[in-house]
Structures are given as structure tokens and as C-alpha cells.
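# Survey of secondary and tertiary structure
The residues making up each chain are set out below.
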Amino acid sequence: MDYYSANLKLCASVQSGLEAVLKREMTANGLFCEGAINGRIPFQGTLKDVARANMFLRTASRVFIILASFKADTFDTLYEEISVIPWEDIIPNGQGITVLAKVLKSTLMAPSSVQSITKKAIAARIMKRKNLTRLPETENNLVVEISINSDIVTVFLDTSGESLHKRGYRTYVGRAPLRETLAAGIILLSYWKDDRVLLDPFTGSGTIPIEAALIGNEIAPGINRHFAYESFPGGKEIFENTIEEAKSLIKDKQLRIYGYDIDPKAIGLAVKHAEGAGVSKYIHFQKADMRSFSSRFSHGIIITNPPYGERLNEGDIGLLYRDFFKMYESLDSWSAYILSSFKDTEKSFGKRADKKRKLYNSEIECNLFQYFGAAPKKTILKDSMAD
Ligand SMILES: C[S@@+](CC[C@H](N)C(=O)[O-])C[C@H]1O[C@@H](n2cnc3c(N)ncnc32)[C@H](O)[C@@H]1O
């Protein structure tokens, strides 16, 4: 039996603060997960599950196969344990590999030495078993990740390739764009449902409205991209089948999603990205100051990532937040989810958030400030993320 037809030990990585959202997504997708360790959520499954996880999970950063786990406090032990793994069955013929290492609180301290010892051990085993004189180098090498924490080594094989936040629609880089996985996470944390209005008043390159449109119409986040596992035996066929499954699930619901930005260039990018993601007909982008927004609908949801006041040209940020709050208060029964590192967000709003959650936007520590409007009569709240 080849390596990939067996049940595999797997895990999905996720940024700090979104673990519960990813677990909920995994369960909804029939992937049975157990606990969470250092931002990785373990689960078991076949190569088909690897493909489904890569295709359908909106908040996962990557999906890995866990190849081995052992204790090593010397380079000899590391070399021996790595040599026991059946690399000749795992790495397809003609495929190059890159080894990455992360080390924490361990005797083997230098990641670069861990990387080179590991690569040596892998190369020696493959060359011996396959009668080769050297390992090939390919444009898209498979990535083996070594994580050492308190002398416990875990060996991962990356099945995603490019990080999963790269959906394939963001071809132009805007100013301070939000990661797609984080945008999706905030939406999934919110009470937004496809029958409620969603507004991003500081939309920038449009990440939040685009991710909402993908969620609202059940468009898989990975539908426009490729994955590393496609080079595994049987991987291409499983990829094709997963794409077919993803296409069959797409809905065409009318959504009310709005994105405003004062910067015409940002709106230009947002429109292009929405077209790239195939969701432009579900979103109304407008070059406008958020102060001018009004709506006849009640129970709408604002989900946004305003300027944080960290750039010189952002003006009086306190005033911007005060005006934003005035606009928000003029809306009937709306809720607001504001991701910001601005320390005086609540002070400028003149009101404490109903709930806060610490999240990182790249390296910046932020809070998701959550202000809840009154619940609509038919209760949508039950299904939402209340942790
Ligand atoms: C942090 S960026 C948003 C990034 C966005 N989430 C993305 O993924 O690209 C903040 C945006 O707020 C916009 N902005 C600043 N003041 C505004 C105002 N008064 N009304 C509308 N947009 C404003 C800026 O032009 C900028 O694009």
C-alpha cells in the first residue's frame, strides 16, 4: 500500500485567536479535530481530506501531514530518527525538497544546523533507496518543516504550497491589506448572515466584502488556486474531484454587501479583486467618505479594519473614530466589529465594547471591538459564534 492511501495524521495551522473558528469550520466540513497545539489543530484523514481541508477551510493558514514525532537532544539522534521515515515513499520521484526549522526551548538551538542535518538524512535515505547520486531541485520544492519544542521534534510535510490566505484573487497590493484568512475569521466570528446587510466603511482593497461574498455564496476559498499535494501520487485526480465538489456547492444568492473608501485607488483595487474572485456582482463598492453612509435596513453588520493612526498622514485618528461612531449610532439596531490597534478606540466611541478579542494583524496586536445591536426577531444569534 502506498504512503498516501493510508490514514494520515494531519494538522491545520491557524493564527492566534482564531483556533475556535477553525475548529468549528473543520467540524462543519466533516474533519474531526482533536485539541490544539501551538496554533496547529490535529486531525486524521486521507489525502481526500487533505484536499478538502485546503479547499474549504477559510481560516487555516496551511495543512500539514505529521510524518513523525520523537525526542532528540543530539544531532546524531535527529539524523537517526529522520532516517527512519520512509522518505522514498513520501517524496514523489523528481520532486525537490526544502527543509525549514523552528526551535523553541531546546538543546538543539540552531535552526540552520537542524535544517542541514535533516536535509542530509532525507537525501541519504532517498538516494540509497532510489539509487540516485543527488536529490533533484525543482521550482516548487515540497517543504518539510521541523519544529522542536522542549527537545520534542515534530516533522511536518506541507500540503498547501503557498499559504492559504493567498486565494488567488489579490493580484494588486493595496495599503495595509488584511490577510484573507483573518478577514474570513472576523466575519465567521460575527453575527453576519447572508440575509443581513454588511458594510465595510474603510474597505481598502476590499478583503472583508470579498470574503463575505465568498462565505455568503458558499464559494470555496481555494477554488482559484493550486496546492502542493497535487504532486503526491493520486493528488491531481483528487484535486480535480475537489474542485468539482466545490463548484457544485456554489450558490447565487442576492447579498447586500457594501464597501466604502475615501481613496479612489483603493476602490479601483477592490473592484479588480472582487472581479478576480468572481463576486463583483454581490458587492457595491463606492468611493465615499464613510461619514456619508446611511441605510434604510435595520440589523446590519459593520465589519471593518479602520486606519490605526500609525502612519503620519492619517490625520486626527480620534476624530475619525468619533465620526465613525456617530455614523454607526445613526443606524438602527446595527452591530459593529472593529479590528484596530488604536488604544483609544473605546474612548473615542464614548462606549465600552460589549466584547473584545485579541487578534494579530500581521505582527500588530489588535483588538476586535464588538458592539452588538438588538437581535432581529427571528433569532439568528443561536447559530453564531458565542464563546
Ligand atoms: C487599514 S486600511 C483598510 C485595509 C483593508 N481592510 C484591506 O484589506 O485592504 C484603512 C482604509 O480606510 C480608508 N479611509 C480613511 N479615512 C476614511 C474615511 N473617512 N472614509 C472612508 N474610508 C477612509 C483608507 O483610504 C484606507 O484604505
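Just so we're clear, the structure is a prediction, and the values are computed from it rather than from any experiment.

### Here's the deal with the domain arrangement of the protein chain
Partitioning the protein chain into structural domains gives domain 1 (3–158) and domain 2 (180–221 + 251–382). When each unit is reduced to the centre of its C-alpha atoms, the spacing between domain 1 and domain 2 is 36 Å. In this assembly, 10 residues from domain 1 lie in contact with 13 residues from domain 2. A breakdown of the residues in the side of domain 1 that touches domain 2 according to their chemical character gives 4 nonpolar, 5 polar and 1 charged.

### Quick look at the sheet that holds strand β3 (residues 62–71)
Strand order in the open sheet formed by 6 strands is β2-β1-β3-β6-β5-β4, with mixed pairing between adjacent strands. Looking at strand neighbours, the two that pair on one side only are β2 (40–45) and β4 (97–104), the edges of this open sheet. Averaged over all pairs of adjacent strands, the angle between strand axes in this sheet comes to 30°, irrespective of strand direction. Relative to strand β6 (residues 152–158), β3 runs antiparallel, the two being bridged by 7 bridges. Residue pairing for β6: F70 is matched across the bridge by V153. Its contacts with the sheet put helix α1 (residues 19–28) on β1 (8–13) and β2, and the angle it makes with β2 is roughly 15°. Contacts from helix α5 (residues 111–130) reach β4 and β5 (142–149), with the element oriented near 140° to β4.

### Quick word on the sheet that holds strand β13 (residues 364–371)
Sheet architecture is open: 7 strands sit in the order β9-β8-β7-β10-β11-β13-β12, paired in mixed fashion. Looking along the sheet, the strands with just one partner apiece sit at the ends: β9 (283–287) and β12 (355–361). Here the strands of the sheet are splayed against their neighbours by 20° on average, with no regard to which way each runs.

### Regarding the pairing of β9
Here strand β8 (residues 257–261) pairs with β9 via 5 bridges, running parallel. The partner of I257 across the bridge, within β9, is I283. You can see the chain leave β8, run along helix α9 (residues 264–276) and come back into β9, and the turn it takes is right-handed.

### Comments concerning the nonpolar core
Grouped together as the largest cluster of nonpolar side chains are 111 residues, with contacts concentrated most on A12, L22, I186, I187, A213, V279 and I303. Looking at this core element by element, the count peaks at 7 residues for helix α6 (residues 180–189). Residue contributions to this core reach at least three from each of two domains, namely domain 1 (3–158) and domain 2 (180–221 + 251–382). Apart from the residues within four sequence positions on either side, L22 is in contact with A12, V14, I41, L57, T59 and A60.

### Notes on the packing of helix α2 (residues 47–56) against helix α8 (residues 235–249)
At their nearest, the axes of α2 and α8 sit 9 Å apart, and the two run at 50° to each other. When the interaxial angle is binned, α2 and α8 end up oblique. Relative to α8, the crossing made by α2 is right-handed. Contacts between α2 and α8 involve L47, K48, A51, R52 and M55 on the former and, on the latter, G235, I238, F239, T242 and A246. Looking at the contact of α2 with α8 residue by residue, the classes come out as 6 nonpolar, 2 polar and 2 charged.

### Considerations on the environment of S292
Mapped onto the secondary structure, S292 falls in the loop between β9 and β10 (301–304). The class for S292 is exposed, based on 11 C-beta atoms found within 10 Å. The spatial distance from the C-alpha of S292 to the C-alpha of N38 is 44 Å, given a sequence separation of 254 residues.

### Let's talk about the site of the ligand
Taken together, the neighbourhood of the ligand is formed by 22 residues, with P177, F202, G204, S205 and T207 sitting nearest. Mapped onto the shell around the ligand, the elements with two or more residues apiece are α7 (207–216) and β8. For the shell around the ligand, a count of residues per class yields 13 nonpolar, 5 polar and 4 charged.

### Regarding the confidence of the model for the protein chain
Confidence in the prediction of the protein chain, expressed as mean pLDDT, is 94, and 96% of residues score 70 or more. Confidence drops under pLDDT 50 across residues 379–387; counting only partners more than four residues distant or on other chains, this segment forms 10 contacts.

### Side note on α5
Compared with an ideal rise of 1.5 Å per residue, which puts 20 residues at 28 Å, α5 spans 28 Å between its outermost C-alpha atoms and is within 8% of the ideal. Turning to α5, its buried residues are V114, I117, T118, A121, I122 and I126. Projection of α5 onto a plane perpendicular to its axis shows the buried side chains occupying an angular sector of 155°, all on one side. Opposite the buried face of α5, at more than 90 degrees from it, the exposed residues are S112 and K128. In this fold, the buried residues of α5 make contact with α3 (75–84), α4 (87–90), β4 and β5. Remark: N131 follows α5 within two positions and exhibits a positive phi of approximately 55°.

### Things to note about the pairing of β3
The pairing of β1 with β3 spans 4 bridges and is antiparallel. Bridging from a neighbouring strand, S13 pairs with R62 of β3.

### So, α1
Turning to α1, its buried residues are V21, L22, K23, E25 and M26. Residues of α1 that are buried sit in contact with β1, β2 and α6. Positive backbone phi, approximately 70°, marks G30, located one or two places after α1.

Cut-offs used in this document
- Residues numbered from 1 in each chain as written.
- Predicted model: local features only at pLDDT ≥ 70, side-chain atom pairs only at ≥ 80, totals over all residues.
- Domains from an automatic or database assignment.
- Contact = placed C-beta atoms within 7 Å.
- Nonpolar A, V, L, I, M, F, W, Y, C, P; charged D, E, K, R; others polar.
- Pairing = 2+ DSSP bridges.
- Helix = DSSP H or I, 4+ residues; strand = E, 2+ residues; numbered from the N terminus.
- Axes fitted to C-alpha atoms, helices over the stretch in contact; angles between N-to-C directions.
- Right-handed = clockwise from strand over helix to strand, strands pointing away.
- Core = buried A, V, L, I, M, F, W, Y, C linked by C-beta atoms within 7 Å.
- Buried ≥ 20, exposed ≤ 12 C-beta atoms within 10 Å, placed from the backbone.
- Parallel < 35°, antiparallel > 145°, perpendicular 65-115°, else oblique.
- Left-handed = near helix turned anticlockwise from the far one by under 90°.
- Near = placed C-beta within 6 Å.
- pLDDT = per-residue confidence, 0-100.
- Expected span 1.5 Å × (residues − 1).
- Arc of directions from axis to C-beta.

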